Every structure is written in C-alpha cells, then in structure tokens.
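Working through the structure, step by step
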Amino acid sequence: MELRHLRYFVAVAEAGSLTVAAEQRLHTSQPSLSRQIRDLEDELGAQLLTRRARGIELTPAGRAFLDHARVALAQVAAAAEATRRVAHPAKPCFAMGFLTGHELTWMPEALQILRDELPNIDVMISSQYSPLLAEGLSKGKIDAAFLRREKGAPELAYRVLVKESLMVILPSDHRLAALKTISPGDLVGETFVTVSDTAPVLRVVIDNYLKRSGVNITPAHEADHLAMGMSLIASTRGVGLLPAYAQNFLPSSVTSRPLKGDAPTVDLVLGYKKSNKSPVLKLLLSRLDELIDQVSKK
C-alpha cells in the first residue's frame, strides 16, 4: 500500500464518483484510477466501494477505512510541514487541534478570526480523539483545541462553545425510523452501539442518560469513531446515541431522530493551557463570542 492509494481513495470518496475524481481532482484516467482502487481493495482484502448508476457508495468497510486514510494523510502532511519548519525556521507556529469531525464546522471560522495574523505565523492543524487533544494541550504541543471537557488536567482551561444534543442514530429502514421522536424505552431490546473509551466524556453522558431514564441497556458494540459507529449500526441494524454533529456524516443507509423530551447534551469546548502566553491564543480567546456567533449562523 502506498500513499497514492490513500489519496486516490479519499478523492473518490469525497467526490462520490470515479469519473469526477479522476478528471477534476486527480487529473488521471478513470480506468487507471479504477485499477488503483482495485489494487487497494486487494491489499486490504475488503471491498471499499460499490459502483452505482449515479456514482459510488462506500461500503461499511470503506467508511471505516476513510476515517483512518484521512488521518494518515494528515499525519504525513504534518510530518512534512514539521520537517520544513525545522529546516527553514522563519515564523512562529500556532497549533490547533480538532475533535475529529468538528474541523469541518469550526476550522474555517477560526482561521477567518485569525486572518490578519496568518501571514505572520504557521498554523498547524491536527484532528484527533478528545483525550489525545487534552494531552497535547498539557504537553504544550497544541495551543488551542476544540474538544470535550476532559478531566484530570487542572492546568487546562475550557470555554464552552456549544451544547450538542444527543440524537438517535439508526438504519434508515429501521422500524423506529417511522417515529418523529424516540424515547429511551423504545431502545430497549435493540442492538445498542455505544462509544468506546476513546470518547470518555461522551460515554459518561450516554450512560448517565440511560440510567436516569430508568432503562436497562447493555451495549452490544463499542465504536472508536464516527465511521466505525455508522458501520456497526448499518451492519447490525442497531441503534446508538451520538451528538447532533454526526448528522453531517450519515450515509444514505443511516438516519437520525431526536430524543423525546429533554435530550442530554455534551459540551464542545475550546481548551488551552492556562500558562500559554501566545498572543495568537489571546486574540482567539478575545473573539470567541464572535466565533460562536458565526458558526451558529452558518
């Protein structure tokens, strides 16, 4: 497996079409691109996409692989950029981290806030699990992160960005999908997919909500990330609870429904180390209300 295989696969997944990806993004021939994807599938021993009349659709294995492929490419880009900075030190670096999936919403607006400073700094972006982001903040590797309010790090400060309501995620043709809202009792007896310890804050919110609702549900599966969660829900015809932002990533085979009554929420926060004296961080914090307002309007 080579990096080009990952780049080609991500391009096809994002374009939703082999032809569009080949002609508009990769500037190669469609047969050549198809051959590269087949080579990747042979290497993995799994079918990653299904060809449809109007393009392609990722298989559950393809959705799971997409998340990891993006992370791998981002890490390679970060490694190359870090090498260039060491070889040619010129500008101070400001490192921002994002809980995977949230960069799509928050990064463009955050960079817009910092636009006047961008010519004078190098911005490093990373996308990781929330506990790893908190660790990066504590060690001074990250200046600001969009994450959960992780415990056990008194040296960090948090500012609330948004309270995300939890939604029920389930197959589009599931019997519960016919309901406008779903109560906790409706979930009893269903194959329940929850989050793993890669998202400890969210896991506590889910567990406390089910306990508070008086329902006894034992998770059948634990998902490390969104793509894995979607794949498990689709393949096991199960149900799960995820923050509302997950709706941005739902494949056609999976849908969402709001919870009946007062839905639980989980905070998305901006975290930073209290001792960090970065003027760029100071600027970002001073305009945080503006950032929140811009994202809420969008």
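Just above sits the structure.
Calculation rules
Residues numbered from 1 in each chain as written. Predicted model: local features only at pLDDT ≥ 70, side-chain atom pairs only at ≥ 80, totals over all residues. Heavy atoms only, no water. Salt bridge = Lys/Arg side-chain N within 4 Å of Asp/Glu carboxyl O. Helix = DSSP H or I, 4+ residues; strand = E, 2+ residues; numbered from the N terminus. Buried < 20%, exposed > 50% of the residue type's maximum accessible area, 1.4 Å probe, protein only. Axes fitted to C-alpha atoms, helices over the stretch in contact; angles between N-to-C directions. Parallel < 35°, antiparallel > 145°, perpendicular 65-115°, else oblique. Left-handed = near helix turned anticlockwise from the far one by under 90°. Contact = heavy atoms within 4.5 Å. Nonpolar A, V, L, I, M, F, W, Y, C, P; charged D, E, K, R; others polar. Pairing = 2+ DSSP bridges. Right-handed = clockwise from strand over helix to strand, strands pointing away.

1. Re the pattern of salt bridges
Applying the stated rule across the entire model yields 14 salt bridges. In this structure, E14 and R70 form a salt bridge, with 3.3 Å as the shortest nitrogen-oxygen distance. Remark: R70 occurs in helix α4 (residues 60-87) and E14 occurs in helix α1 (residues 3-15); sequence separation between them is 56 residues. With relative accessibility at 40%, the residue E14 sits in the partly exposed group. In this structure, D293 engages K297 in a salt bridge whose closest nitrogen and oxygen atoms are separated by 3.3 Å. Here D293 pairs with K297, and both are found in helix α10 (residues 288-297), just 4 residues apart, close to one helical turn.

2. Digging into the packing of helix α2 (residues 18-26) against helix α3 (residues 30-44)
At a minimum axis distance of 9 Å, the contact between α2 and α3 shows a crossing angle of 110 degrees. In terms of axis orientation, α2 runs roughly perpendicular to α3. The interaxial crossing formed by α2 with α3 has right-handed handedness. Note on element contacts: α3 touches α2 through Q30, L33, S34 and I37, opposite L18, T19, A21, A22 and L26. Of the residues that constitute the contact of α2 with α3, the class distribution is 6 nonpolar, 3 polar and no charged.

3. Digging into the pairing of strand β7 (residues 192-195)
The side-chain alternation of β7 yields two buried faces, one formed by F192 and T194 and the other by V193 and V195. Bridge analysis of β7 against strand β9 (residues 239-243) gives 2 bridges, and the strand direction is parallel. By the bridge assignment for β9, V193 is matched with G240. In terms of strand pairing, β7 meets strand β8 (residues 221-223) through 3 bridges, oriented parallel. Paired with T194 across the strands is E222, a residue of β8. With respect to chirality, the unit in which β7 leads through helix α7 (residues 200-212) into the neighbouring parallel β8 is right-handed.

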